[in-house]
Amino acid sequence: MVSHYPGRLIVIEGLDRAGKSTQCSRLFRTLEQNGRNVEMIKFPDRGTPMGQIIDKYLTDNTMNLSDQAIHLLFSANRWEQVPHIIDKLKKGTVLIVDRYMYSGIAFSAAKGLDFNWCKSPDVGLPEPDLVIFLDVSIETASKRGGYGEERYENAEIQSRVRSQFLKLKESNWLWIDANKSLDEVEAEVNNEVQKVLNNSTQNR
Ligand code: DGP
Ligand code: NA
Ligand code: NA
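Residues numbered from 1 in each chain as written. Chains lettered and ligands numbered in written order. Predicted model: local features only at pLDDT ≥ 70, side-chain atom pairs only at ≥ 80, totals over all residues. Heavy atoms only, no water.

Considering the sheet that holds strand 3 (residues 94-98)
Pairing within the open sheet is parallel, and its 5 strands lie in the order 2-3-1-4-5. The open sheet is flanked by strand 2 (38-42) and strand 5 (173-177), the only strands paired with a single partner. Pairs of neighbouring strands in the sheet enclose a mean axial angle of 20°, with direction left out of account. As paired strands, strand 4 (residues 130-135) and strand 5 are joined by 5 bridges and run parallel to one another. Opposite Val 131, over in strand 5, you have Trp 173 as the bridge partner. Along the sheet, helix 1 (residues 20-33) makes contact with strand 1 (8-14), strand 2, strand 3 and strand 4, crossing strand 3 at roughly 170°. Across the face of the sheet, helix 5 (residues 101-109) comes into contact with strand 1, strand 4 and strand 5 while running at roughly 30° to strand 1. (Pairing = 2+ DSSP bridges. Helix = DSSP H or I, 4+ residues; strand = E, 2+ residues; numbered from the N terminus. Axes fitted to C-alpha atoms, helices over the stretch in contact; angles between N-to-C directions. Contact = heavy atoms within 4.5 Å.)

Spelled out as structure tokens, the structure:
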């Protein structure tokens, strides 16, 4: 498990339009300025062959793929990065991960797939040291430029997905009200990440 490695795995989760990508970039810059060895990873990674199928599924609403099949592809898209993730953690890198297995479970369970079935393909992925959930109201999210054209970007789905995230929340989660300003959210993120970085491996 990750806790044996000198690096840290920090996951940022949230609904669409919660500000995940912005907060990931800001955190990256802060850690870099502090002289940390830091890297950003984004899931789904649309750049791999599997990621290209996922991209097509998300952007082309006419593409037919069973809910189970796309679920497994999203999971495989994470698994294909595991050797890289472990390599970086061994080298002491702080990895900032934009979406992870929690999105995988929440989006598929929101469609009605069995919750435990949804969890199983991701079992064994490196465990994060911290999960930051950016909680945004459906109203705020809709106002942020409106939802785009992608498959899950509508209020009804997003609200069902949020209920699933609530079920996934554990003690290593920081649940942030992301209706606040970007600067306020950033301050909360930095504060919690600093705690995780100050924790020595022996203490965990
Ligand atoms: P993003 O590139 O972060 O905007 O994500 C694209 C969309 O895919 C977004 O609506 C969230 C959804 N998504 C992300 N990860 C998964 C996953 O593992 N499974 C499913 N079903 N959807 C996911
Ligand atoms: Na999106
Ligand atoms: Na994003």
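Here the narrative resumes, following the displayed structure.
Things to note about the environment of Ala 178
Following the sequence through the fold, Ala 178 ends up in the loop between strand 5 and helix 9 (182-198). Take Ala 178: its relative accessible area is 2%, and that puts it in the buried class. Separated by 158 residues in the primary sequence, Ala 178 and Lys 20 have C-alpha atoms spaced 9.5 Å apart. Beyond its immediate sequence surroundings of up to four residues, Ala 178 is in contact with Ala 18, Leu 134, Asp 135, Val 136, Arg 144 and Val 185. (Buried < 20%, exposed > 50% of the residue type's maximum accessible area, 1.4 Å probe, protein only.)

Some remarks on the packing of aromatic side chains
Scanning the entire structure with this criterion turns up 8 aromatic pairs. Ring geometry for Phe 133 and Phe 165: centres 4.8 Å apart, planes at 50°, overall tilted. With Phe 133 in strand 4 and Phe 165 in helix 8 (residues 155-168), this residue pair connects regions lying 32 residues apart in the sequence. Its relative accessible area of 0% is what places Phe 165 among the buried residues. Every member of this aromatic cluster is reached through a ring pair, and the members are Tyr 102, Phe 133, Phe 165, Trp 173 and Trp 175. It is Arg 151 that lies over the ring of Tyr 57; its NZ or CZ is 3.7 Å from the centre. Against the face of Phe 115 rests Lys 167, its NZ or CZ located 4.9 Å from the ring centre. (Phe/Tyr/Trp six-rings, centres within 6.5 Å; stacked < 30°, edge-to-face > 60°. Lys NZ or Arg CZ within 6 Å of the ring centre and 35° of its normal.)

Structural notes on the side chain of Gln 81
The topology assignment puts Gln 81 in the loop between helix 3 (67-79) and helix 4 (82-90). On the basis of relative accessible area, Gln 81 is assigned to the buried category, the value being 15%.

Here's the deal with the pairing of strand 4
With 6 of 6 residues buried, strand 4 is to be regarded as a mostly interior element. Residues Leu 130, Ile 132 and Leu 134 point to one face of strand 4 and Val 131, Phe 133 and Asp 135 to the other, with burial holding for every one of them. For strand 1 and strand 4, the ladder comprises 5 bridges, and the chain directions are parallel. Paired with Gly 14 across the strands is Leu 134, a residue of strand 4.

What to know about the confidence of the model for the protein
Predicted coordinates in regions of low pLDDT should not be interpreted in detail. Residue-level pLDDT values for the protein average 94, and 96% of them are 70 or greater. In the model output, the complex is listed with pTM 0.94 alongside ipTM 0.93. (pLDDT = per-residue confidence, 0-100.)

Some remarks on the packing of helix 1 against helix 9
Following both chains from N to C, one finds helix 1 and helix 9 inclined at 50°, their axes separated by 10 Å at the closest point. The orientation of helix 1 relative to helix 9 falls into the category oblique. Considering how the two elements wind past one another, helix 1 and helix 9 form a crossing that is right-handed. Seen from helix 1, the contacting residues are Thr 22, Gln 23, Arg 26, Leu 27, Thr 30 and Leu 31; seen from helix 9, they are Leu 182, Asp 183, Val 185, Glu 186, Val 189, Asn 190, Val 193 and Leu 197. For the contact of helix 1 with helix 9, the class distribution of residues is 7 nonpolar, 4 polar and 3 charged. (Parallel < 35°, antiparallel > 145°, perpendicular 65-115°, else oblique. Left-handed = near helix turned anticlockwise from the far one by under 90°. Nonpolar A, V, L, I, M, F, W, Y, C, P; charged D, E, K, R; others polar.)

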